[in-house]
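This is what each chain is made of:
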Amino acid sequence: MDDKLFDVIIIGAGIVGSSAALKLLDMGMSVCVIESGASGSRSSGINYGGVRRQGRSLAQMPLTQRAHAIWGRLKQTIGIDGEYVRSGHLKLARSDKDMASLERYRELTADCGLGLELLGREELKKRFPYLGERAVGGSFCPEDGHANPRLVSPGFALAAQKAGAIFLEYTTATGFAYDGKLFQVKVHNSDRPLQSRFLVNCAGAWANKVCEAFGEPVPMDCSHPLMFVTEAVPVFMNVSLGVEGGGVYARQVTRGNCVIGGTQGYALDEYRARPGGDGIRTVVGRALELLPDLQNVQIIRTWSGTEGRLPDREPVIGLSSTTPGLVHGFGFAGAGFQIGPAVGEVLAELVAQGQSTTPIEAFSISRFRS
Amino acid sequence: MDKPVVVIGAGPAGIRACETLAGFGVRPTLLDESQTWGGQIFRQQPGNFKRGFKDLYGFDAERAENLKQTFHKIREQIDYRPQSLVWNAEQNRIDILHKGKTEKLQWSKLIVASGATDRVFPFPGWTLPGVYGLGASQIALKYQACAIGSKVILAGTGPLLYLVAFQYASAGANVVAVLNTAPVSARMKALPKLFCLPGQLARGMYYVSWLKMRGVKMMDGIQIMRAKGETRIEGLVIKDASGKIHELECDALGFGYGLRSETQIADLVSCQFNFNPVQRAFLPAKDLSGKTTVDGVYLAGDGSGIMGVEAAELAGQRAALAVLTELGLCSSKDSGVVRQIQEIESRLQTISKFRAGLEEAFPCPENWIDQLQDDTVVCRCEEITYGDIKQTVLDCNVKEINRLKALSRSGMGRCQGRMCGHATAEILAHLTGQSLQEVGRLRCQPPVKPVPISVVADASLSQESA
């Protein structure tokens, strides 16, 4: 790689960075992806695995619909099915007030193509008899679903590698510079910086290092979503579940294990997080309320990760406000898995054409400038 | 003191730690997963069984009796909580599962004496009914007075091999063969080191000659090829030291390659781990007193490296003395304490030399991976085969053990890799041409063992969220 000049260097081999790499290669560019750990092993690989459009902001609708189409071609795109299923996503209301917000959301997104169905208590009981008593109604999005993030996200990285991208895993980018023509990226394990014409920042919770280097820091902090998985039990749950107001979400994989999340873990260090006893007990309590039949089922593992989030819980996607050739895509606040592949494509368009075919104005980095 | 000194594990290390603490007026909380004290080595039989300690523990009967008396002596001076599984640990608290309830316990100092389990490596047929771990075979006898079968083969390596064979044969079980994967030459070479504990060495030699005198078939330098049988084990195919294949009939097999430390709790409290090439495992770092890299956390016994029962008792005492010093309850200037510490540490060093000899005498086999078939299950919980692992390593260019777990699901099931993790790591090292150290260490997440949802669920917290 001596003196090798890349068209594009991507920081971060999560689902966003790797799908951007895949698209850029498709456009004929040379790509180097720098990843501090293993590709797709941080938030992209350890999230809940919801592939959900329902519940996203209006601003995200065009992106999420674009992603929906990519998920439909997942196997052609990355060569594996990643256990992706369009099971439907059911968002439950635990009060009349919550039901009213689900109704409002359906009206607001009526033109977006989500196909939401509102269900009353009786309908809910009939179609989803395993649900607990707390739910008064729900909103069902038939084509949403779930997938296995620990396969899908590395899958995008492997596909990009096969297509010719250079992946530098377990490599930390330690310094960034732009000389007016080229970007220089220093890495911890080499004296010689890597060079590129474009720099794409998909560094998730660690993206601010790049932003700061180019004079546009963002007010990002970290969250540590907590998840657990049960032993395998006969398949009973045919949808991915969420709750209006948040706090718990659940799905069951075909092997029979239930994957359930909610609450927060705690940070172990800059990269790693772990579930704490209180967090586990709280989310398990909520899960039991949602799915009472799980009471005698055993929990076999819990985990957490590190996720970047901005004050408005919307990501940063778009061109840098300070540096030509720098493109950002990070800060998905625990909801990046589904739209990740579409964001990757958008970032590739921003590199190649300077603009995106999907509206992304709401996600501009400039929104934090006072 | 609001928060107690907590000792996890009521085996030899935990009990001696409690004895020392109680001697200085500290009332420790002793948590143990079992119903009765003793750990695995002195596992108690059910109350209505009447075998004496001599029958149960052989040469260790006196040690067991001594420990029992100590336990009864301190029983009222400690907060002893049997049937308490520590399923989560953090830097200031642990979570315990006890009789269908979970409770949180904050600790001021923590002594972890979590013990060890069999180290097993897969071979074709190892999942057939009738195949047991060596330690499990021993426990069946100690606990329930049962043999694992009526025609038993014991195989593998480690001092436990001959001890279990001896215990089985003396209890009247039919031991058809004792098969050691280590060559005799390894034992010869290790003799100088083993002589530093002549009593221990003599015991081992006694077991071997006792078995030989009774005509038990004994072989060395063998390799396990596969277990035969359709619905249960019917025989074992082995290769002898000269390369000749033998087929031995049996209806049960106990096998194992020494022990492996249970290090999950040390991991959860964030102790630093180092690779130990002799034990072929990552072990929590500790100094001579058992002090770890985490403030207030101490380790004792086989849970932090296999050293055997005597060392466990000493390490328990030593860790307790360190805790007492830290609490200001005993002075490192007190000549009695200084002498006790010196005696313990010097004895531990001798045992450590002896252990090094044992590792040389009973080395971990190196060629077991060659016998695996593509359909040999490696991870029993998730039914991940050797072929699955090979394919994942090849397809995804996997080099690291946690990555292999994520991509293949090996070690992702109910045991969370406690049983298969070391075998998987050896396989990954073998397939990628890396050292065992390079493939890394499986990270632990709570729960340490599976826990039921209804027990863990905190209903009060859930209402809050509504």
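Residues numbered from 1 in each chain as written. Chains lettered and ligands numbered in written order. Predicted model: local features only at pLDDT ≥ 70, side-chain atom pairs only at ≥ 80, totals over all residues. Heavy atoms only, no water.

## What to know about the interface of chain B and chain A
By a widely used convention, the size of an interface equals the accessible area lost when the partners come together.
Link 1 in the chain: Residue-level contacts link 42 residues of chain B with 42 residues of chain A.
Link 2 in the chain: Here chain B and chain A share 5 salt bridges between them.
Link 3 in the chain: Close ionic contact of E231 of chain A with R414 of chain B constitutes a salt bridge, the shortest N to O distance being 2.5 Å.
Link 4 in the chain: Counting every contact that joins chain B to chain A gives 16 residue pairs in polar contact (both at pLDDT 80 or more).
Link 5 in the chain: Classifying every residue of the side of chain B that touches chain A gives 18 nonpolar, 10 polar and 14 charged.
Link 6 in the chain: Summarising the sheet, strand β19 (residues 298-304) of chain A and strand β23 (residues 451-452) of chain B pair through 2 bridges and their orientation is antiparallel. (Contact = heavy atoms within 4.5 Å. Salt bridge = Lys/Arg side-chain N within 4 Å of Asp/Glu carboxyl O. Polar contact = N/O pair within 3.5 Å; in protein donor to acceptor, adjacent residues only side chain to side chain. Nonpolar A, V, L, I, M, F, W, Y, C, P; charged D, E, K, R; others polar. Pairing = 2+ DSSP bridges. Helix = DSSP H or I, 4+ residues; strand = E, 2+ residues; numbered from the N terminus.)

## Concerning the confidence of the model for chain B
Link 1 in the chain: Across chain B, pLDDT averages 95, with 98% of residues at or above 70.
Link 2 in the chain: Low pLDDT, under 50, characterises residues 462-466 of chain B; the predicted model gives this stretch 8 contacts beyond four residues in sequence or across chains. (pLDDT = per-residue confidence, 0-100.)

## Digging into the nonpolar core
Soluble, globular proteins show a tendency: their nonpolar side chains are buried together.
Residues and elements named next belong to chain B.
Link 1 in the chain: L21, W37, I111 and Y162 are the most contacted members of the largest nonpolar core, which has 76 residues in total.
Link 2 in the chain: When residues in this core are grouped by element, the largest group, 11 residues, is from helix α9 (residues 309-326).
Link 3 in the chain: Not counting residues within four places of it along the chain, the set of residues in contact with L21 comprises V5, V7, V26, P28, I111, A320, V323 and L324. (Core = buried A, V, L, I, M, F, W, Y, C linked by side-chain atoms within 4.5 Å. Buried < 20%, exposed > 50% of the residue type's maximum accessible area, 1.4 Å probe, protein only.)

## Describing helix α3 (residues 61-72) of chain A
Spacing of three or four residues puts side chains on the same side of an α-helix, whose turn is 3.6 residues.
Link 1 in the chain: With 12 residues, α3 of chain A ought to run about 16 Å at 1.5 Å a step, and its terminal C-alpha atoms sit 17 Å apart, in line with that.
Link 2 in the chain: Within α3 of chain A, burial applies to M61, L63, T64, R66, A67, H68, I70 and W71 of chain A. (Expected span 1.5 Å × (residues − 1).)

## As for the packing of α9 of chain B against helix α10 (residues 335-361) of chain B
Residue and element names in this part refer to chain B.
Link 1 in the chain: Two elements in contact, α9 and α10, have axes separated by 10 Å at closest approach and are oriented at 145°. Considering how the two elements wind past one another, α9 and α10 form a crossing that is left-handed. Contact with α9, carried on its side by E310, A311, L314, A315, Q317, R318 and L321, involves V337, Q340, I341, I344, E345, R347, L348 and I351 of α10 and no other residues of that element.
Link 2 in the chain: Among the residues making up the contact of α9 with α10, the classes are represented as 9 nonpolar, 2 polar and 4 charged. (Axes fitted to C-alpha atoms, helices over the stretch in contact; angles between N-to-C directions. Left-handed = near helix turned anticlockwise from the far one by under 90°.)

## Remarks on the packing of aromatic side chains
All names here are of chain B.
Link 1 in the chain: Applying the stated criterion across every chain, the model contains 25 aromatic pairs over all chains.
Link 2 in the chain: Ring geometry for F166 against Y206: centres 5.8 Å apart, planes inclined by 70°, an arrangement best described as edge-to-face. Within this pair, whereas F166 is found in helix α5 (residues 159-170), its partner Y206 is found in helix α7 (residues 198-213), the two being separated by 40 residues in sequence.
Link 3 in the chain: When the centroid spacing of 6.1 Å and the interplanar angle of 80° are considered together, the rings of F255 and Y257 count as edge-to-face.
Link 4 in the chain: Three or more aromatic residues joined by ring pairs form one cluster here, namely F59, F166, Y206, Y207 and W210.
Link 5 in the chain: The residue whose ring lies beneath R43 is Y143, and the NZ or CZ to ring-centre distance is 5.5 Å. (Phe/Tyr/Trp six-rings, centres within 6.5 Å; stacked < 30°, edge-to-face > 60°. Lys NZ or Arg CZ within 6 Å of the ring centre and 35° of its normal.)

## So, the sheet that holds strand β16 (residues 252-257) of chain B
All names here are of chain B.
Link 1 in the chain: The sheet built from 5 strands is open, its strands ordered β9-β16-β10-β11-β12 with parallel pairing. Both outer strands of the open sheet, β9 (131-133) and β12 (217-219), are each paired with one neighbouring strand and no more. Pairwise comparison of adjacent strand axes, ignoring direction, gives a mean angle of 15° for this sheet.
Link 2 in the chain: Summarising the sheet, strand β11 (residues 175-180) and β12 pair through 3 bridges and their orientation is parallel. Paired with A177 across the two strands is K217, which belongs to β12.

## So, the pairing of strand β6 (residues 137-141) of chain A
Remark: a regular strand shows side chains that alternate across the two faces of the sheet.
Residues and elements named next belong to chain A.
Link 1 in the chain: With 5 of its 5 residues buried, β6 lies for the most part within the structure.
Link 2 in the chain: As defined by bridge partners, strand β4 (residues 89-93) adjoins β6 across 5 bridges and the pair is classed as antiparallel. Paired with K91 across the strands is S139, a residue of β6.
Link 3 in the chain: Bridge analysis of strand β5 (residues 117-120) against β6 gives 4 bridges, and the strand direction is antiparallel. The residue of β6 that forms the bridge with L119 is G138.

## Considerations on the sheet that holds strand β15 (residues 245-249) of chain B
Within a beta sheet, neighbouring strands are joined by backbone hydrogen bonds and run either parallel or antiparallel to one another.
All names here are of chain B.
Link 1 in the chain: Ordered by their spatial adjacency, 3 strands build an open sheet running β13-β14-β15, and the pairing between neighbours is antiparallel. Two strands lie at the open edges of the sheet, namely β13 (223-228) and β15, each paired on one side alone. Strand-to-strand, the axes of this sheet are offset by a mean angle of 25°, without reference to chain direction.
Link 2 in the chain: As paired elements, β13 and strand β14 (residues 235-239) share 5 bridges and run antiparallel to each other. Within β14, the residue paired with I224 across the bridge is I238.

## Here's the deal with the side chain of D60 of chain B
Link 1 in the chain: Relative to the helices and strands, D60 of chain B is located in the loop between α2 (53-57) and α3 (61-74).
Link 2 in the chain: Once residues within four sequence positions are removed from consideration, D60 of chain B is found in contact with I41, F42 and R203 of chain B.

## So, unusual backbone geometry
Link 1 in the chain: The amide bond that connects P446 of chain B to the next residue, P447 of chain B, takes the cis arrangement and shows omega of 0°.
Link 2 in the chain: Relative to the assigned elements, P447 of chain B resides in the loop between α14 (436-439) and β23.
Link 3 in the chain: Phi at A333 of chain A is positive, roughly 50°, even though this residue is not glycine.
Link 4 in the chain: Along the chain, the position of A333 of chain A falls in the loop between β22 (326-330) and α10 (340-353).

## Considerations on the environment of G318 of chain A
Residues and elements named next belong to chain A.
Link 1 in the chain: Following the sequence through the fold, G318 ends up in strand β21 (residues 316-319).
Link 2 in the chain: Taking C-alpha positions, G318 is 5.6 Å from S364, a pair spaced 46 residues apart along the chain.
Link 3 in the chain: Other than its neighbours up to four places away in sequence, G318 contacts V327, H328, L350 and I360.

## Observations concerning the environment of L118 of chain A
Residues and elements named next belong to chain A.
Link 1 in the chain: Mapped onto the secondary structure, L118 falls in strand β5.
Link 2 in the chain: Each C-alpha atom of the pair L118 and L90 lies 9.6 Å from the other, and the pair is 28 residues apart in sequence.
Link 3 in the chain: Leave out the neighbours within four places in its chain, and L118 touches M99, L102, E103, R106, G138 and S139.

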